[in-house]
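A structural walkthrough
What follows is each chain in one-letter form.
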Amino acid sequence: MKHLTRLFLIILIFSISSCAYYEKLFKKTSKPFTPNVTSTTNIVIDTLWSIDSGDGSDFDSAVLQTSLDKNDNAYVIDSDGLITSINYMNGDKNWSTNLNLDVTSGITFYKDIIFFGTADGKLYAYNVERLKSSKSFFELIEVPLLNEGEVIKPKWNIQLNSEVSNPVTGADNNIFFKTNDGDTYSVNLNTGSINWKNINRNIVLSLRGSGSLTTDSESVYVARDDGTLVSLSQDSGKLNWYVSISPKSGRTELESLRDVEMTPYNDFGVIYVGSYQGNLIAVDSLSGSLLWSQPISVTTNLAVDDKNIYTSSTDGYLYSIGKYDGKVFWKTQLIEGKFLTQPLLYDKKIIVINESGFASVIDKNNGNILKYEKIMGEVDYQTRIIKINKGFLILSKDGRLTAFNIDERDYEKFDFFSW
């Protein structure tokens, strides 16, 4: 009996230890991923100011991007049509006007006009001075505006067949944009008349991204939801060429998803663009010839210097890739289970933020992480970070606009402990 009892205890202990070992091997830890900071430099991230600019975007809208004018004034819009102008230098609110419109696209400031799209398929154009002066006038005479969209008239608005979910792109006296059904438009910014429309087939399943179109002196470059990049003539909308970014493959619609949610980057005649679950490619802007392709899943905008491309991937890595050959120089993991924002360059460093509001500062030469610190609340990974002089501007999910800068301080110079 003693032998049986001892055998039972041995089996029980072995079973418990085996389960623990199995858990350790095959079950992911609940501890959040923290990147390895390898630097000994004294990098400091300073918040310059932070201000509430509305309620942010809702589930029905795309990422509502911030726009900037030449006088360092930022313009923010939320899903309810609240437009706020903020001075970047001090974070003071210039003015705020509520249009009570169901907004679906980020705002674009171009030639003193603000453009945005709404859920009913309309594109609106408002003169900035009209918005500013109208609000000031009604505040002065204390008239309650229950529906400001009926009081402050736009410069123009046009009805489209589908929603505009991405910020428009301006070039000369025209604006260019893509609607959710895949069509591309050219519209006269002064009159609102449609110059041309390029029709594309609608994709059943696609992500709701925030990438805009890219232009040069003659062409418009459109990344489409079917995984292709096309060049259209600015004058007529006729097709110059098209190239496949990532061919569809997979057992299900979800596995075959190859949406392009970033804005194509035009670098002196070479177009760089990437797709979700697909490739990052380089294309000659004149001929559409594919220069190289690298299998990386990309959903945010790129940063480019004289030698390399820097991109965030959907698996939480930051990549440095050669501009001319597409070879990976280095890659660094910054997050697990969440996405990263677009990277931005400054000096010899890169700044990138994850969805939880943690900023990573990376040495662009080797990918080493120099700083990792929470600087704000949750952000949408497709939110654009705007670089102004030596500072940065970013909008959080709850509509809070934050300005910050990054500095490297030598504390030994201050000799704190001398007396």
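Residues numbered from 1 in each chain as written. Predicted model: local features only at pLDDT ≥ 70, side-chain atom pairs only at ≥ 80, totals over all residues. Heavy atoms only, no water.

What to know about the sheet that holds strand 14 (residues 214-215)
Through backbone hydrogen bonds, the strands of a sheet pair up, either in parallel or in antiparallel fashion. Read from one edge of the open sheet, four strands run 14-15-16-17, paired in antiparallel fashion. Each end of this open sheet is capped by a strand with a single partner; those strands are strand 14 and strand 17 (239-244). One ladder, built from five bridges, connects strand 15 (residues 219-223) with strand 16 (residues 228-233); its direction is antiparallel. Note on strand 16: the bridge partner recorded for Ser219 is Ser233. (Pairing = 2+ DSSP bridges. Helix = DSSP H or I, 4+ residues; strand = E, 2+ residues; numbered from the N terminus.)

Observations regarding the nonpolar core
Leu229, Tyr272, Val273, Trp292, Leu302, Ile309 and Ile321 are the most contacted members of the largest nonpolar core, which has 24 residues in total. At the level of elements, strand 15, strand 17, strand 19 (270-274), strand 20 (280-284) and strand 24 (317-322) are the ones that each hand at least two residues to this core. Those residues in contact with Trp292 that sit more than four places away from it in its chain are Tyr272, Leu280, Ile281, Ala282, Ile309, Ile321, Gly322, Lys323, Tyr324, Asp325 and Gly326. (Core = buried A, V, L, I, M, F, W, Y, C linked by side-chain atoms within 4.5 Å. Buried < 20%, exposed > 50% of the residue type's maximum accessible area, 1.4 Å probe, protein only. Contact = heavy atoms within 4.5 Å.)

Some thoughts on empty space enclosed by the protein
On inspection of all chains with the given rule, the structure shows five cavities of 30 Å³ or more. A volume near 70 Å³ is recorded for the largest cavity. Contributing to the lining of the largest cavity are Gly56, Ser57, Val63, Leu64, Ile77, Asp380, Thr383, Leu395, Ser396 and Lys397. Taken together, the residues of the lining of the largest cavity sort by class into four nonpolar, four polar and two charged. (1 Å grid on protein atoms, 1.4 Å probe; cavity = no way out; pocket = protein on both sides within 12 Å on 5 of 7 lines; lining within 4 Å. Points joined across faces, edges and corners; volume = space filled by probe spheres on them. Nonpolar A, V, L, I, M, F, W, Y, C, P; charged D, E, K, R; others polar.)

Quick notes on the confidence of the model for the protein
Across the protein, pLDDT averages 84, with 79% of residues at or above 70. Ranking the elements of the protein by mean pLDDT puts helix 1 (residues 2-26) last, at 44, and strand 24 first, at 98. Below a pLDDT of 50 lies the segment residues 7-29, which in the model reaches one contact outside its immediate sequence neighbourhood of four places, other chains included. In the predicted structure, residues 252-258 sits below a pLDDT of 50 and forms 25 contacts with residues beyond four places in sequence or in another chain. (pLDDT = per-residue confidence, 0-100.)

What to know about the pairing of strand 25 (residues 328-333)
Judged from the five bridges that link them, strand 24 and strand 25 form a sheet pairing that is antiparallel. Each bridged residue has a counterpart across the sheet, and for Ser320 the counterpart in strand 25 is Trp330.

Quick notes on the layout of surface pockets
Space inside the largest pocket adds up to approximately 730 Å³. Forming the boundary of the largest pocket are 27 residues, of which Ser212, Thr263, Asn301, Arg384 and Ile386 lie nearest the centre. At the level of elements, strand 2 (67-68), strand 6 (108-110), strand 10 (169-171), strand 14 and strand 22 (303-304) are the ones that each hand at least two residues to the lining of the largest pocket. If you tally residues by element for the lining of the largest pocket, the top one is strand 6, at three residues. A breakdown of the residues in the lining of the largest pocket according to their chemical character gives 15 nonpolar, eleven polar and one charged. Here the second largest pocket defines a volume of roughly 350 Å³. Of all the elements in the fold, those that place two or more residues in the lining of the second largest pocket are strand 3 (73-77), strand 5 (93-98) and helix 2 (128-140). With three residues, the single largest contributor to the lining of the second largest pocket is helix 2.

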